[in-house]
Amino acid sequence: MQQDIEKMQLFYEYYKQWIDVYKKGAIREATMAKYLMTQKWVEKLAPNLKISELTRTAYQKLLNDYAKDHERQTTLDFHHQLKGAILDAVDEGLIERDPTRKQLLKVKHQE
């Protein structure tokens, strides 16, 4: 029952909670600021994405949308910051399969 409720949780809310539990007090302030910025971007780009809906396709779309306005290294950092939380969600049974596997990082298009 609790797990069903958690599966309906919005992904950005899960990520924010994950930061509070696993990162708060364990990382430097500058690094924490990056995690919080990632959380804001997830909320902006995928405000209605539920943790249970986080498929490879949904995750790739999130990466693609982020990459439109960011350099490759920044997008890679974004991916790595999300991946830890997502793998924990897989371990907790909230997501069936790892949606971060075999993702492509697109390069920002130059105008």
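Residues numbered from 1 in each chain as written. Predicted model: local features only at pLDDT ≥ 70, side-chain atom pairs only at ≥ 80, totals over all residues. Heavy atoms only, no water.

**Q** What's the story with the overall build of the protein in this structure? I'm lost.
**A** Broken down by element type, the protein carries 5 helices and 0 strands. Of the regular secondary structure in the protein, the N- to C-terminal order runs α-α-α-α-α. Taking 111 residues into account, the globule formula puts the C-alpha radius of gyration at 13 Å, and the protein, at 14 Å, falls close to it. Counting only C-alpha atoms, the protein reaches 50 × 30 × 20 Å along its principal axes. Across the protein, contacts joining residues at least 24 apart in sequence account for 69% of those joining residues at least 6 apart. Of the accessible surface of the protein, which amounts to about 7200 Å², a share of 50% is contributed by carbon and sulfur atoms. In the protein, 19 side chains carry a positive charge and 17 a negative one; their mean positions are 5 Å apart. (Helix = DSSP H or I, 4+ residues; strand = E, 2+ residues; numbered from the N terminus. Rg over C-alpha atoms; globule rule 2.2 N^0.38 Å. Contact = heavy atoms within 4.5 Å. Areas by Shrake-Rupley, 256 points an atom, 1.4 Å probe, with all protein chains shown as cover. Lys, Arg positive; Asp, Glu negative; His and termini not counted. Charge placed at Lys NZ, Arg CZ, Asp CG, Glu CD.)

**Q** What's the story with the side chain of Q9 in this structure? I'm lost.
**A** Note on placement: Q9 falls in the loop between α1 (2-7) and α2 (11-23). Polar contacts involving the side chain of Q9 include one to the side chain of Q17, which spans 3.1 Å. Other than its neighbours up to four places away in sequence, Q9 contacts Y14, Q17, L49, K50 and I51. (Polar contact = N/O pair within 3.5 Å; in protein donor to acceptor, adjacent residues only side chain to side chain.)

**Q** So what exactly am I meant to see when it comes to the nonpolar core here?
**A** The tendency in soluble globular proteins is for nonpolar side chains to be buried as a group. Formed by 28 residues in total, the largest nonpolar core has its most connected members in F11, Y14, L62, F78 and L82. If you list the elements that add at least two residues to this core, you get α2, α3 (29-45), α4 (56-67) and α5 (72-91). Tallying contributions element by element places α2 first for this core, with 6 residues. (Core = buried A, V, L, I, M, F, W, Y, C linked by side-chain atoms within 4.5 Å. Buried < 20%, exposed > 50% of the residue type's maximum accessible area, 1.4 Å probe, protein only.)

**Q** Which parts of the structure should I look at to understand the pattern of salt bridges?
**A** Side-chain pairing between opposite charges can occur once the charged atoms of the two side chains come close. Per the stated rule, a full pass over the model turns up 2 salt bridges. For K61, the salt bridge goes to D65, with nearest N and O atoms at 2.9 Å. Highlighted residues: K61 and D65, both in helix α4, separated by 4 residues, approximately one helical turn. Of the residues examined, K61 reaches a relative accessible area of 51% and is grouped as exposed. Look at D65 and you get buried, because its relative accessible area is 15%. Put simply, K61, D65 and K68 are held in one network by salt bridges that share partners. (Salt bridge = Lys/Arg side-chain N within 4 Å of Asp/Glu carboxyl O.)

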